[in-house]
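Remarks on the overall topology
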Amino acid sequence: MTQLDRRPSDDRQATPLPTDLDARGLARWSWRQLTSMRTALVLLLLLALAAIPGSAFPQEDIDSLAVSQWRDDHPRLTPIWDRLDLFSVYGSVWFSAIYLLLMISLVGCIIPRLFVYARALRARPPRAPRHLSRLPESTSYVTDEDPDVVLRRAEDVIHRRRFRVDWNEGSDAVAAERGHLREAGNLLFHLAVIVVLVGVAIGSLFGYKGGVILLNGDEYGFSNGLTQYDDFAPGSLFDPAVMEPFAFRITDFDIDWLTDGPRAGMARKFVAHLDYETEPGAATQQYDLRVNHPLSIGDTDIFLIGHGYAPVITVRDGDGNVAQSGPQIFLPINPRTFESFGVVKAPDAQPTQLGFEGTFYPTFQLGRDADGKLSMPSSAFGDAVDPLVSLFVYSGDVGLDDGSGASVYVLDKSRATQLRKADGQPFRMDLRPGETVTLPDGLGSVTFEGLERWNKIQISRTPGKFIALGGVVTALLGLLGSLFVRPRRLWVRARRQEDGTTLVEVARLDRSSGGDPETGRSELDGIVAALRKDES
Amino acid sequence: MTDAQWESLSNQGVAAAGVVYFLALLAYAVQWAALRDVPVRQAVSVGGRGGGGDTLVDDLPDERVAQRTEMAGRLGILLTGIGALAHFIALLGRGLAADPNRVPWGNMYEFTLSATFVVVALFLATTRRWRLAWLGPIVVGLVLCVLLADVLWLYEPVAPLTEALESYWLVIHVVAACIATGAFTLGGITSLLYLLKARSTKKSGYLARLPEPAALDRISYRMHAFGFPVWTFGVLISGPIWAHQAWSSYWNWDPKEVWAFITWVLYAAYLHARATAGWRGRKAALLALAAAATLWFNFIGINFFSTTSQHSYAEGAAVERTVQQTVDRPLETTSVVVGLGGGLRLRVEPAQEVGVVVGAEGPRA
Ligand code: HEM
């Protein structure tokens, strides 16, 4: 490779460790290794490798349910996996180490290149090498014209092809260069990669993401505050003061169930009709919240991500008093048929606390077991065509006395007894809307009043997302420059020969990675043709 | 035309494309059979017009053989073009058969149909300019095999898209992913040919008639240089924008995303390798092949191996798992404790249990 052929990458090659080194020399050598192209390459490969386990094993912050399942299934491996951070790969020390090293390498690589580039911008095109004909792309012709005439014309012709041209009267060669934007694009790309990472980091440090299950209806509302969320995942530098003080209600929810075709049973066209205020006292506005169409309030985005049923259940206790009444959120356990699981608790019931646990079937049907006998109840369809709740009953302490953490979706049965029929089978009641079942032993009664619906709303604030987006877009632009601008140099030398004619040599040097001899050839041919066109 | 008619038109289109591609393959076979034992006369000059391409038959000694191969080659290209047309009609039919009409990227079957079309279309678009006639048999053979597998194992009747798929960002995202996949696939083929050619010392036959290794390397670089920005746009711009709209965060480290990222990093490494002394040529080509392997693993493998992907096309699996877990596992062990209203401490199920509800059972791209 000639000196002229140097590419930016050639400045940053790894070198073997010199033998006689003092501390400073060693430091400098290490820095050069870290910022060399080969190190960048190895780090990129390592990053790809390190990302793999995260897709092979369940990840805590993506699917914590799957993680606990995995832990149960592999009790021996779990401690090792924990030590290796394999349940949170993308936040692990070793993953971070790789990309931080890559970042350092990147910065260490870019800064010197910026200076080199700034110098190159001002520099004149390099002078013609002694033997132009030795360059891989070169051609020559002989003419009767005066060398100066040829060179002046060459200067003009090449300049019109938007090369930067350098020629001094008296010198025997014109030098020209074009395509500086390639290195500019490359630098822009690498800088933008840093910007993207900064944007992503801002989002994960200062942002938050939370979810809430909200019943449909004017009487249920959500106002943005920590206590209102069902689940909440803040970034480590999140400050609750930034939360916008909006409030909203879901006045109505539309859904369209497909009843025929290959996707029968699938639901579409979910629309949650929202009434919202951007801050307390502000005017109420309306928004149709749909999948793929979040509502943005300030920097916060509100998403519709789920829906389900909430049977309205009234529990009367042994004294005939209403011990519990209202919609109970049942969580779908089958996203296709919306068979849902839920509990009802009546801690104030007399003479004893009551708890209920069971399944809601939007469209009840009885399946058949292997022998063809009617057995397993199930839901045939997600829409509430023939809704039915099927509940088991527990009495005694259902675990609300001490007020300690207990899920609204879980019944603590450890100190409760299940109600059984005389034959010892669990007592089960199946209720359709409007029906009431009286509990045995004078414990009271249960009424399935009707059905309400709920939506799962996801709320997130991701500061820096536009920085990240701007970064990738810039990176893409830089990349286009770096891949498709072809930096190249041209020289034209004209010399009087002994027989009085002039030998004109034209050479070209392509410095791009994808340099194609044919385009080079045609550029050379074009220049020669232009030079000879006006030959007198 | 009714939806059912469009659907059967689409099926006929696939069948026709398959048949025509097969005929094209036969034509190429005739072409190369004639060339098989003819030694390549002179080593093609480095950086010159390059062997292969339209000059495949320049140096044939026998006029009649030369004419026959030339005819067969032309016929091959022509048939490839006709096959591509049928292929396109098949795609169009899939989109128009759905109610409402939509882009034909609802499931693996349609996605594969699109990606293979892009491979053929890119080949046809570049074959003249870059003199790629020698690539014809490989492209057509590969596409034929993939189409066959697609029809046999992945076929699904036309169905409307799930809600989450109805976004124009999805359209953009998938178009970009398909185009990049096509370009990377062609780049992978040429990289493989580069490796084979660089080791081969044969004087006749297919490898001998390929362009010089340097030219092959250049062609694969070009395919990759075209594919990389498109992939960047598809995976790192339009994908996250859509994910942000549909799932509320732009990057979830979902297995499909992880592998798209791995692919991206590997192709970035390939581009670096080509600029690094000691990595040019063979090692760069190997990297390109590794990257292509991750690309196709992501395309197909993830759908079958991973049950957690939100992109899952393999419907049943994810659903069953959710049910299974809920039934098998007492909820309390996995619940998270959060504050809820009035300072009362309540336990709530983790979000994802409920999060799968909207349209998750359908295929996502
Ligand atoms: C986040 C990590 C990085 C990514 C994603 C990345 C990506 C890329 C890509 C896609 C190219 C191809 C553009 C072209 O062919 O001109 C490139 C070129 C280049 N990269 Fe990186 N890079 C990264 C880190 C680095 C680091 C750490 C260095 C410094 C050692 C570096 C130095 C270079 C150089 C010098 C080129 C130009 C190659 C040439 O044409 O001579 N990159 N990079």
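Residues numbered from 1 in each chain as written. Chains lettered and ligands numbered in written order. Predicted model: local features only at pLDDT ≥ 70, side-chain atom pairs only at ≥ 80, totals over all residues. Heavy atoms only, no water.

For chain B, an unreviewed UniProt entry supplies the name C-type cytochrome biogenesis protein CcsB and the organism Nocardioides glacieisoli. Recorded in UniProt under Subcellular location (unreviewed entry), the annotation for chain B is "Membrane". (UniProt positions renumbered as here; feature names shortened; annotations may be inferred.)

Chain A goes by Cytochrome c biogenesis protein ResB in an unreviewed UniProt entry, where it is assigned to Nocardioides glacieisoli. Comment text from UniProt for chain A, heading Subcellular location (unreviewed entry), reads "Membrane".

Once that is clear, we can look at the coordination of the iron atom of the ligand. In a perfect tetrahedron of four donors around a metal, the angles come out at 109.5 degrees. In a perfect octahedron of six, they are 90 or 180 degrees. Note on the iron atom of the ligand: its protein donors are His190 of chain A (NE2) and His272 of chain B (NE2). The metal-donor distances range over 1.8 to 1.9 Å. Taken together, the six donor atoms coordinating the iron atom of the ligand and their angles of 73 to 179° define a geometry best described as octahedral. Of the two residues, histidine 190 of chain A is situated in helix H8 (residues 181-206) and histidine 272 of chain B in helix H7 (residues 255-275); the pairing between them involves two chains. What makes histidine 272 of chain B buried here is its relative accessible area of 18%. (Donors = N, O, S within 2.8 Å, 3.2 Å for Na, K, Ca; no water. Tetrahedral: all angles 85-135°; square planar, octahedral: opposite > 155°, others 65-115°. Helix = DSSP H or I, 4+ residues; strand = E, 2+ residues; numbered from the N terminus. Buried < 20%, exposed > 50% of the residue type's maximum accessible area, 1.4 Å probe, protein only.)

Taken as a whole and judged by the stated rule, the model has 33 aromatic pairs over all chains. Here the aromatic rings of tyrosine 90 of chain A and tryptophan 253 of chain B are separated by 3.7 Å at their centres, their planes lie at 5°, and the arrangement is stacked. With one member in each of two chains, tyrosine 90 of chain A in the loop between helix H5 (77-83) and helix H6 (93-122) and tryptophan 253 of chain B in the loop between helix H6 (213-247) and H7 form a pair that bridges those chains. By relative accessible area, tyrosine 90 of chain A is classed as buried at 12%. An angle of 75° between the planes, with centres 6.5 Å apart, marks the rings of phenylalanine 330 of chain A and phenylalanine 360 of chain A as edge-to-face. Of the two residues, phenylalanine 330 of chain A is situated in the loop between strand E12 (322-327) and strand E13 (331-332) and phenylalanine 360 of chain A in strand E15 (residues 354-361); the sequence distance between them amounts to 30 residues. (Phe/Tyr/Trp six-rings, centres within 6.5 Å; stacked < 30°, edge-to-face > 60°.)

This part takes up the domain arrangement of chain B. Residues and elements named next belong to chain B. Split by domain assignment, chain B resolves into domain 1 (1-38 + 63-161) and domain 2 (162-308). Taken over C-alpha atoms, the centre of domain 1 sits 21 Å from the centre of domain 2. On the side of domain 2, 31 residues touch domain 1, which itself brings 29 residues to the contact. Summed over both partners, the interface of domain 1 with domain 2 comes to about 2,700 Å²; 83% of that surface belongs to carbon and sulfur atoms. The interface formed by domain 1 and domain 2 holds zero salt bridges in total. Only helix H1 (3-35), helix H3 (108-127) and helix H4 (136-154) provide two or more residues apiece to the side of domain 1 that touches domain 2. (Domains from an automatic or database assignment. Contact = heavy atoms within 4.5 Å. Buried area = accessible area lost by both parts, 1.4 Å probe. Salt bridge = Lys/Arg side-chain N within 4 Å of Asp/Glu carboxyl O.)

Let us look at the sheet that holds strand E9 (residues 285-290) of chain A. Strand pairs in the sheet, formed through backbone hydrogen bonds, run parallel or antiparallel to each other. Residue and element names in this part refer to chain A. The strand order across the open sheet formed by four strands is E5-E7-E8-E9, and the pairing between neighbours is antiparallel. Two strands bound the open sheet, and with one partner strand each, they are strand E5 (222-223) and E9. Looking at chain direction, strand E8 (residues 267-277) and E9 are connected through six bridges and run antiparallel. Note that in E9 the partner of leucine 274 across the bridge is tyrosine 287. (Pairing = 2+ DSSP bridges.)

Residues and elements named next belong to chain B. Taking the numbering used here, the UniProt-annotated feature "transmembrane region" (unreviewed entry) corresponds to residues 12-35, 75-96, 108-125, 132-155, 167-196, 225-243, 258-277 and 284-305. Secondary structure content for residues 12-35 is 100% helix and 0% strand, and the end C-alpha separation is 35 Å. Split by type, residues 225-243 is 100% helix and 0% strand. Its first and last C-alpha atoms lie 26 Å apart.

Once that is clear, we can look at the sheet that holds strand E2 (residues 164-166) of chain A. Residue and element names in this part refer to chain A. Pairing is antiparallel across the open sheet formed by five strands, whose spatial order is E1-E25-E24-E3-E2. Edge positions in the sheet fall to strand E1 (137-143) and E2, since each has one partner strand and no second. On average, each strand axis in the sheet is inclined to that of its neighbour by 15°, with strand direction left out of account. As defined by bridge partners, strand E24 (residues 488-496) adjoins strand E25 (residues 502-510) across nine bridges and the pair is classed as antiparallel. Within E25, the residue paired with valine 492 across the bridge is valine 506. Of the strands in this sheet, E1, E24 and E25 are in contact with helix H10 (residues 517-533), which crosses E1 at around 20°. (Axes fitted to C-alpha atoms, helices over the stretch in contact; angles between N-to-C directions.)

So, about the pairing of strand E21 (residues 428-431) of chain A. Residues and elements named next belong to chain A. Of the two faces of E21, the one lined by Met429 and Leu431 is fully buried and the one lined by Arg428 and Asp430 carries no buried residue. Two strands pair when backbone bridges link them, and strand E18 (residues 388-396) and E21 are joined in this way by four bridges, in the antiparallel orientation. If you follow serine 390 over to E21, its bridge partner there is aspartate 430.

Another point: the pattern of salt bridges. Residue and element names in this part refer to chain A. Inspection of the entire model under this criterion finds 24 salt bridges over all chains. Salt-bridge contacts for aspartate 172 lead to arginine 493; the nearest nitrogen and oxygen are separated by 3.3 Å. Separated by 321 residues along the polypeptide, aspartate 172 in the loop between E2 and strand E3 (173-178) and arginine 493 in strand E24 bring together distant segments of the chain. The partly exposed category is assigned to aspartate 172, whose relative accessible area is 30%. Of the residues examined, arginine 493 reaches a relative accessible area of 7% and is grouped as buried.

A few words on the domain arrangement of chain A. Per the domain assignment, the segments making up chain A are domain 1 (21-119), domain 2 (133-179 + 486-535), domain 3 (193-307 + 458-477) and domain 4 (308-368 + 377-452). Computed over C-alpha atoms, the centres of domain 1 of chain A and domain 3 of chain A are 31 Å apart.

On to the side chain of aspartate 230 of chain A. Residue and element names in this part refer to chain A. As for its placement among the helices and strands, aspartate 230 is situated in the loop between E5 and strand E6 (231-234). Lacking a salt bridge, the buried aspartate 230 has lysine 456 as its closest oppositely charged neighbour, with an N-O distance of 5.8 Å. Within the local environment of aspartate 230, its side chain forms a polar contact with the backbone nitrogen of isoleucine 213, the two atoms lying 2.8 Å apart. (Lys, Arg positive; Asp, Glu negative; His and termini not counted. Polar contact = N/O pair within 3.5 Å; in protein donor to acceptor, adjacent residues only side chain to side chain.)

Turning our eyes to something else, we now look at the environment of alanine 51 of chain A. You can see alanine 51 of chain A is positioned in helix H2 (residues 37-51). Residues in contact with alanine 51 of chain A, not counting those within four places in the same chain, are Tyr90 and Phe95 of chain A together with Val258, Phe261 and Ile262 of chain B.

In this model, chain A carries a mean pLDDT of 84, and residues with pLDDT of at least 70 account for 93%. Across chain A, the secondary-structure element scoring lowest on mean pLDDT is strand E19 (residues 406-407) of chain A, at 62, and the one scoring highest is helix H9 (residues 465-484) of chain A, at 92. (pLDDT = per-residue confidence, 0-100.)

Residue and element names in this part refer to chain A. Taken from the UniProt record, the annotation "transmembrane region" (unreviewed entry) applies to residues 93-116, 187-208 and 466-485. Between the end C-alpha atoms of residues 187-208 the distance is 33 Å, and the span holds 91% helix and 5% strand. Secondary structure over residues 466-485 splits into 95% helix and 0% strand, and the C-alpha atoms at its two ends are 28 Å apart.

Next up on the list: the nonpolar core. Ranked by internal contacts, the top residues of the largest apolar core, which has 113 residues, are Tyr21, Trp134, Leu135, Leu186, Phe228 and Trp231 of chain B. Sort the elements by how many residues they give to this core and H6 of chain B lands first, with 16 residues. In this view, leucine 135 of chain B contacts Phe123, Leu186, Ile189, Thr190, Leu193 and Tyr206 of chain B; residues no more than four positions away in its chain are not counted. Counting residues in hydrophobic clusters, the runner-up holds 50 residues, among them Phe238, Ile302, Leu354 and Val389 of chain A. (Core = buried A, V, L, I, M, F, W, Y, C linked by side-chain atoms within 4.5 Å.)

As a further point, take H8 of chain A. In this model H8 of chain A runs 36 Å from its N-terminal to its C-terminal C-alpha over 26 residues, within 8% of the 38 Å that 1.5 Å per residue would give. Among the residues of H8 of chain A, those classed as buried are Arg182, Glu183, Gly185, Asn186, Leu187, Phe189, His190, Ala192, Val196, Gly199 and Gly203 of chain A. Residues of H8 of chain A that are buried in the fold lie against H6 and H9 of chain A together with H6 and H7 of chain B. (Expected span 1.5 Å × (residues − 1).)

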